[in-house]
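Observations on the three-dimensional arrangement
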Amino acid sequence: MLQFKSRFPREILLCRVGEFYEAIGIDACILVEYAGLNPFGGLRSDSIPKAGCPVMNLRQTLDDLTRNGYSVCIVEEVQGPTQARARKKRFISGHAHPGNPYVFGLVEDDRDFDFPEPMPVVGVSRSAKGYCLISVLETMKTYSAEDGLTEEAVVTKLRTCQYHHLFLHRSLKHNSSGTCRWGEFGEGGLLWGECNARSFEWFEGDPVNELMIKVKELYGLDDEVTFRNVTVASENRPRPLHLGTATQIGAISTEGIPSLIKVLLPSDCIGLPVLYVKDLLLNPPAYAIASTIQAICKRMSSITCSIPEFTCISPAKLVKLLESREANHIEFCKIKNVLDEVIQMHGNSELHEILRLLIDPTWAATGLNLDFEKLVEESKLVSGRIGEVISLDGDSDQGICSYSAIPDDFFEMMESSWKGRVKRIHLNEAFAEVEKAAEALSLAITEDFVPILSRIKASTAPLGGSKGEIVYAREHGAVWFKGKRFAPSVWAGTPGEEQIKQLRPAVDSKGKKVGEEWFTTVKVEVALARYHEAGSEAKAKVLELLRGLSAELQAKINVLLFASMLLVISKALFAHVSEGRRRKWVFPVLTQFNNSERAELSGRGGSMKLVGLSPYWFDAAEGNAVHNTVDMQSLFILTGPNGGGKSSLLRSICAAALLGICGFMVPAESALIPHFDSIMLHLKSYDSPADGKSSFQIEMSEVRSIISGATSRSLVLVDEICRGTETAKGTCIAGSIIETLDSIGCLGIVSTHLHGIFDLPLTTKKTVYKAMETQYINGQPRPTWKLTDGICRESLAFETAQREGVLETIIRRAEELYSSVYAKDSCPQHETEVELSTYEEDNMLSNKAYEQPSSTEEMSVCSLVASTNQTKVLLKQVESAVMNICQKQLLDFYKKNISELAAVKCVMIAAREQPPPSTVGASSVYVILRADKRLYVGETDDLRGRVRTHRSKEGMQNASFLYLLVPGKSIACQIETLLINQLPSQGFQLTNLADGRHRNFGTSDMSLENVILHR
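Before going into details, it helps to say that this report is about the structure given with it. These numbers were taken from a predicted model, which means no experiment stands behind them.

**Details of unusual backbone geometry**
- The residue Lys 141 is not glycine, and still its phi comes out positive at about 55°.
- You can see Lys 141 is positioned in the loop between strand E7 (130–137) and strand E8 (142–149).
- Look at Lys 141 and you get buried, because its relative accessible area is 14%.
- Despite not being glycine, Lys 933 has its phi angle at roughly 70°, a positive value.
- Accessibility expressed as a relative area gives 34% for Lys 933, which makes it partly exposed.

**Observations concerning the state of the cysteines**
- Taken as a whole, this structure holds zero disulfides when the rule is applied.
- No disulfide involves Cys 73; its nearest neighbouring cysteine sulfur is the one of Cys 15, lying 9.2 Å away.
- Residue classification places Cys 73 among the buried positions, given a relative accessible area of 1%.

**Thoughts on the sheet that holds strand E17 (residues 589–591)**
- Taken in spatial order, the four strands line up as E17-E21-E18-E19 in an open sheet, and their pairing is mixed. The open sheet has two free edges, formed respectively by E17 and strand E19 (628–632), since each of these has just one partner strand. Averaged over all adjacent pairs, the angle separating strand axes in this sheet is 15°, with direction ignored.
- Each of E17, strand E18 (608–613), E19 and strand E21 (670–674) is contacted by helix H23 (residues 646–662), which is oriented at about 115° to E18, the strand it contacts most.

**A closer look at the nonpolar core**
- Among the nonpolar cores identified, the biggest contains 183 residues, and Leu 281, Phe 332, Met 608, Ile 653, Phe 664, Phe 676 and Leu 715 are the most heavily contacted of them.
- The element that contributes the greatest number of residues to this core is helix H21 (residues 557–583), accounting for 16 residues.
- Once residues lying within four places of it in the same chain are set aside, the contact partners of Leu 715 are Met 608, Met 632, Ile 653, Ala 657, Phe 676, Ser 678, Ile 679, Met 680, Leu 747 and Gly 748.
- Membership of the second largest hydrophobic core comes to 26 residues, among which are Val 878, Met 883, Ile 885 and Val 925.

**So, helix H2 (residues 26–34)**
- The set of residues buried in H2 consists of Asp 27, Ala 28, Ile 30 and Leu 31. Projected down its long axis, H2 carries its buried residues within an arc of 160°, all on one side. The exposed residues of H2 that point more than 90 degrees off its buried face are Ile 26 and Glu 33.
- For H2, the elements touching its buried residues are helix H1 (2–7), strand E1 (12–17), strand E2 (20–24), strand E3 (50–54) and helix H3 (58–67).

**Quick word on a nonpolar patch on the surface**
- A cluster of nonpolar residues, Met 1, Ile 24 and Ile 48, forms a patch on the protein surface that exposes about 270 Å² of accessible area.
- When its relative accessible area of 65% is taken as the criterion, Ile 48 is described as exposed.

**Side note on the sheet that holds strand E24 (residues 747–751)**
- Overall, mixed pairing links the six strands, which are arranged E22-E23-E24-E20-E25-E26 in an open sheet. The sheet is open, and its two borders are formed by strand E22 (678–682) and strand E26 (780–789), each paired with just one other strand. With strand direction ignored, the average angle separating the axes of adjacent strands in the sheet is 20°.
- By the bridge criterion, four bridges tie strand E23 (residues 714–718) to E24 in an arrangement that is parallel.

**Observations regarding empty space enclosed by the protein**
- Counting across every chain of the model gives seven cavities of 30 Å³ or more.
- Here the largest cavity is characterised by a volume of approximately 120 Å³.
- Along the walls of the largest cavity sit 13 residues, with Lys 571, Phe 574, Ala 575, Gln 914 and Arg 944 positioned nearest its centre.
- The element contributing the most residues to the lining of the largest cavity is H21, with four residues.
- Here the residues of the lining of the largest cavity are counted per class, giving eight nonpolar, two polar and three charged.

**Digging into the packing of aromatic side chains**
- According to the stated counting rule, one finds 22 aromatic pairs in the structure shown.
- On the numbers, 5.5 Å between centres and 90° between planes, the contact of Phe 200 with Trp 202 is edge-to-face.
- Judged by relative accessible area, Trp 202 falls into the partly exposed class, the value being 23%.
- Grouping aromatic residues by their ring pairs yields a cluster made of Tyr 403, Phe 410, Phe 411, Tyr 472 and Tyr 531.
- One cation-aromatic arrangement involves Arg 126 over Tyr 131; the distance from NZ or CZ to the ring centre is 4.5 Å.
- The positively charged end of Lys 770 is found above the aromatic ring belonging to Phe 636, 5.3 Å away from the centroid.

**Focus on the side chain of Glu 939**
- Tracing the sequence through the fold places Glu 939 in strand E30 (residues 935–940).
- At 3.2 Å, the side chain of Glu 939 and the side chain of Lys 969 are in polar contact.

**Points about helix H29 (residues 943–951)**
- Where H29 is concerned, the buried positions are Leu 943, Gly 945, Val 947, His 950 and Arg 951.
- Residues of H29 that are buried make contact with strand E27 (907–909), strand E28 (913–914), strand E29 (923–929), E30 and strand E31 (960–966).

**Topic: the pattern of salt bridges**
- Overall, the coordinates contain 41 salt bridges when judged by the stated rule.
- Asp 619 is the partner of Arg 582 in a salt bridge, and the nearest nitrogen-oxygen pair spans 3.1 Å. Remark: Asp 619 occurs in the loop between E18 and E19 and Arg 582 occurs in helix H21; sequence separation between them is 37 residues.
- The shortest N-O distance in the salt bridge between Asp 789 and Lys 770 comes to 2.4 Å. A residue pair is termed long-range when its members are at least 10 positions apart, and Asp 789 in strand E26 and Lys 770 in strand E25 (residues 768–777) qualify at 19 residues.
- What emerges from the salt-bridge pattern is a single network uniting Asp 112, Lys 317, Glu 331 and Lys 334.

**Observations regarding the packing of helix H10 (residues 287–302) against helix H14 (residues 359–366)**
- With their axes 9 Å apart at the nearest point, H10 and H14 run at an angle of 130° to one another. Judged by the inter-axis angle, H10 sits oblique to H14. Read as a crossing pair, H10 and H14 show a hand that is left-handed. Residues Ile 289, Thr 292, Ile 293 and Ile 296 of H10 lie in contact with H14, whose contacting residues are Asp 360, Pro 361, Trp 363 and Ala 364.

**Notes on the side chain of Gln 248**
- Mapped onto the elements, Gln 248 comes out in helix H7 (residues 243–248).
- With near-sequence residues (within four places) excluded, Gln 248 lies in contact with Ile 257, Tyr 616, Arg 651, Leu 681, Leu 683 and Lys 684.

**A short note on the environment of Leu 962**
- Checked against the element boundaries, Leu 962 lands in strand E31.
- For Leu 962, a relative accessible area of 5% corresponds to the buried category.
- In this structure the C-alpha to C-alpha distance between Leu 962 and Ala 910, which are 52 residues apart in sequence, comes to 8.6 Å.
- Excluding residues within four positions of it along the chain, Leu 962 makes contact with Leu 875, Val 878, Glu 879, Val 907, Met 908, Val 925, Tyr 926 and Val 927.

**Here we look at the environment of Met 212**
- As for its position among the elements, Met 212 is in helix H6 (residues 207–219).
- A relative accessible area of 11% means that Met 212 is categorised as buried.
- Separated by 74 residues in the primary sequence, Met 212 and Glu 138 place their C-alpha atoms 9.9 Å from one another.
- Filtering out sequence-adjacent residues up to four positions away, Met 212 remains in contact with Val 136, Tyr 143 and Phe 227.

**A look at the packing of helix H17 (residues 428–448) against helix H20 (residues 522–553)**
- For the pair H17 and H20, the least separation of the axes is 8 Å and the interaxial angle reads 160°. Taken together, the axes of H17 and H20 lie roughly antiparallel to each other. For the element pair H17 and H20, the recorded crossing hand is left-handed. Counted together, Ala 430, Glu 433, Val 434, Lys 436, Ala 437, Ala 438, Ala 440, Leu 441, Ala 444, Ile 445, Glu 447 and Asp 448 of H17 and Lys 523, Val 524, Ala 527, Leu 528, Arg 530, Tyr 531, Ala 534, Gly 535, Ala 538 and Lys 541 of H20 form the full contact between these two elements.

Here is what the cut-offs are and how they apply
- Here the residue numbers are simple positions, counted from 1 along each chain's written sequence.
- Per-residue local features of the predicted model are confined to residues with pLDDT of at least 70, and side-chain atom pairs are confined, for both listing and counting, to 80 or more; whole-chain, interface and lining totals are unaffected and use all residues.
- The side-chain quantities take in all heavy atoms of the structure and omit both hydrogens and water.
- Here a helix means four or more residues in a row that DSSP labels H or I, a strand means two or more in a row labelled E, and each is numbered from the N terminus.
- For each residue, the accessible area found with a 1.4 Å probe, counting protein chains only, is set against the maximum for its type, and the residue is called buried under 20%, exposed over 50%, and partly exposed in between.
- Only a pair of cysteine sulfur atoms within 2.5 Å counts as a disulfide in this structure description.
- Paired strands, as defined in this entry, are two strands with at least two bridges between them according to DSSP.
- Axis definition: a line fitted to C-alpha atoms, limited for helices to the stretch in contact. Angles are taken between N-to-C directions and run from 0 to 180 degrees.
- It only takes one pair of heavy atoms within 4.5 Å for two residues to be counted as in contact.
- For this analysis, a nonpolar core means a set of buried residues of the types Ala, Val, Leu, Ile, Met, Phe, Trp, Tyr and Cys, connected via side-chain atoms within 4.5 Å.
- Each direction from the helix axis to a C-beta atom contributes to the arc, which is the arc of those directions.
- Here, patches come from residues exposed beyond 30% relative accessible area and free of salt bridges, joined within 9 Å for like charges and within 5 Å for nonpolar side chains (Val, Leu, Ile, Met, Phe, Trp, Tyr).
- Note on areas: Shrake-Rupley with a 1.4 Å probe; residue coverage comes only from the protein chains shown.
- We count a salt bridge whenever a side-chain nitrogen from Lys or Arg sits within 4 Å of a carboxyl oxygen from Asp or Glu.
- Cavities and pockets were defined on a 1 Å grid built over protein atoms only: a cavity is a set of grid points that admits a 1.4 Å probe from which the probe cannot escape, a pocket is an open set flanked by protein on both sides within 12 Å along at least five of seven lines, and lining residues are those with an atom within 4 Å of any such point.
- Grid points are joined across faces, edges and corners, and a volume is the space filled by probe spheres set on the points.
- All amino acids are sorted into three groups, where Ala, Val, Leu, Ile, Met, Phe, Trp, Tyr, Cys and Pro are nonpolar, Asp, Glu, Lys and Arg are charged, and the leftover types, Gly among them, are polar.
- The pairing test for Phe, Tyr and Trp rings, Trp by its six-membered ring, is centres within 6.5 Å, and the orientation test on the planes gives stacked under 30 degrees, edge-to-face over 60, and tilted for anything in between.
- By definition here, charges over rings are those cases where NZ of Lys or CZ of Arg is within 6 Å of the ring centre and within 35 degrees of the ring normal.
- The term polar contact refers here to a pair of N or O atoms within 3.5 Å; inside protein, the definition further demands a hydrogen-donor-capable atom paired with an acceptor-capable atom, and it admits residues adjacent in sequence only when both atoms are side-chain atoms.
- In these notes the angle categories are as follows: under 35 degrees is roughly parallel, over 145 is roughly antiparallel, 65 to 115 is roughly perpendicular, and the rest is oblique.
- In this scheme the handedness of a crossing depends on how the near helix is turned from the far one: anticlockwise by less than a right angle means left-handed, clockwise means right-handed.

Okay, structure coming up:
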């Protein structure tokens, strides 16, 4: 064990010893502490600590250790016969790291394996451009170096990334003040606060090269191992979101803040697509990529064909399993599904262009540059190669052996671990040998055990008679005779006695007698040994083929990674478009900033207009949000009462702008959004006692960062500026900040309750005043949550305090004090119309309800089922019948000619496909073709959900659907009944025939005009 430990001193060492994995010393103590294992030999203080886990619990133990940040080195025994007293040979079978699991032996598993997201090793340094963050993924053998980051961007990335190890470069210690005391003079203080609470190590030298050396030391890699640079150029890309911006709009999960990601995607969209969308929001793409994403989404919104299920495989899982040659047949089937779905998109006229457009976003996400035609060509080649080797669902030539004299579970246990994985054509000899050995075993048992059973049955006594049966001894992998009192007291030469004389006690693999009731014969044992040997050889050849295919596909790893990520992006964008259509969001007009000389002279590079903007956390489709219009061509100074909607307006504008520059739909009726180079939102600040900073210090630090990063192409949103200090000086600081932002020429809003700003001699040129209005109702001011021109000096402070339960005596005294000092300076109130409620003051709008996410159902990933000719013919017949019935009756209903009905068509949703986004919110009639060739007819306004519900039922996972979009639920109900009543007359069998009996229409003699719908 010591030689292995010396090679990987940073890792816990688990060494296989028989049926346990053992650890000694400090490693054993860690096992006891973090994996809940008991020490070997008790808690004696005079012995070396020892602990371990059973073989069957290894993966759980590894999960417990890696979850707590530990890395583990696993040492296996060489399996097979050894000489007496010979020391067993051992080898390092693999490692388990946080985000990088142990995969040894997975090629033999008959299940899919959940793979965690990889955790990178991260290094942070300073450069001439700013901060540089280097991320190295040992699993993928890739690295990226993002330079020119702001301090806030680095902190955001560290906060949102689960990393395995953190290294800080010594260049961080040298700040602009010339000292080595990092964070003392403000610069780097935010990053220091983030890192100081975590474990890290210092390093020096060239950041990239030295970090690579550290990674190789950390993971025990050879010097020859190389890492691929996947850095995507940051030119023309917006800056990553600041931590405050990301948390305040819910791009990072934050308590009390509505999640932006949850409203972008349906509740059943989970996993890799969600991670892609989150990363896109935190790191907005360049204009070209954002425009392409929007073009893809627009096409997705308009297609009418069914879409693939989009099989998603973690890139890290793909690389790890193929590199270690541990991919099992299930994983190969999923890889083939990925490639087949790419091929399917290429062959579909509506999806073909979407596939072509997806190339650029996939390049931006992976750093891999793959030509469109090469992707399709390589996908066909690799899919074909997998199909040549792997046994698919349609193969039926690998049945489990079965003989009447032998329990079925014996053959099931022996052969299910290798049959059905690869095509039989590659192992005909091995299969034939197993079948011959199984037949020989059956013959031996029939000859040696069956006559004994016949004799026992013929001589059974009512009480205490002989007993016997042929039993599968699962623990020993054998078929033996189990019985008692079957030997005759008098040997009379009757049938079965000869076989009884041949019996001998059964023994285990170590030669020990199993029990008094277990027996076997020499012939059976020889046949068993032959069968086990044949099965072992066949299994070894199956695993050899699987591992060989893994090695073969490593040469195509870039194609596989690219195709996998392309489908992840496809699934994410289709899901977003479906949810956006349901919420009645729109695609904005995305523009680039004007680079002309005139724009430079004017100091204004662009404008933003949001018409009918609603808060992203409200569902506009349910009509529970107040809309607003924002026409922004310069900086706004925004005033308004408490609870008047200032914070919500800023949060809504920030979210809409971010969604727009990422290529997504936005919560508005129409929108014009320039592609900002940065979006910065500052709402509220809290003190940080650990750093010794007050809330005002934190606010000023964030303001410094905003101003230093703002350009004429930025969007800056600051809420209630300088609220944490003395009013007079805070007002002057706020005024100076406004002048600075005005001179920069950025778009944005600065909201404030410091009305003294309007009395300052500000030298602004383009800044305008906006207000959240109030109206007087029954003599009382009420907020309308609408944006208007002008200044609002009404704060509604007394009303807010009263509403929150402050004592009436306190409020009356406050009103008296206010009247005595400030009443003479008060100004008339502005009147406005209606706007959205602030998220912070939702108690003012008790009739406004947050959208509750629907229950999550995980979409299952299953193998693609090849359609038989018979099924295709039946589908065509059903489609023809449905079209004839629907067109005939719709013609009577519309009083139109056939040519006007040409747009009406049936669309098929095959197995592992789903409805397109164009069905969202539309009424449809559908027909299910079940596996038993019977039909089910239904109607719905939620086809996607209905398909998911039907397929969740047993035996319906691969059901095919035909659907027809119709104008309205009433017509859908009528056509549903027509089909239920008329399809049986054309020879089709229906499962829900009774559903049409309570409808008094739909017969062949009635038209829709004379029908009354009864529900």
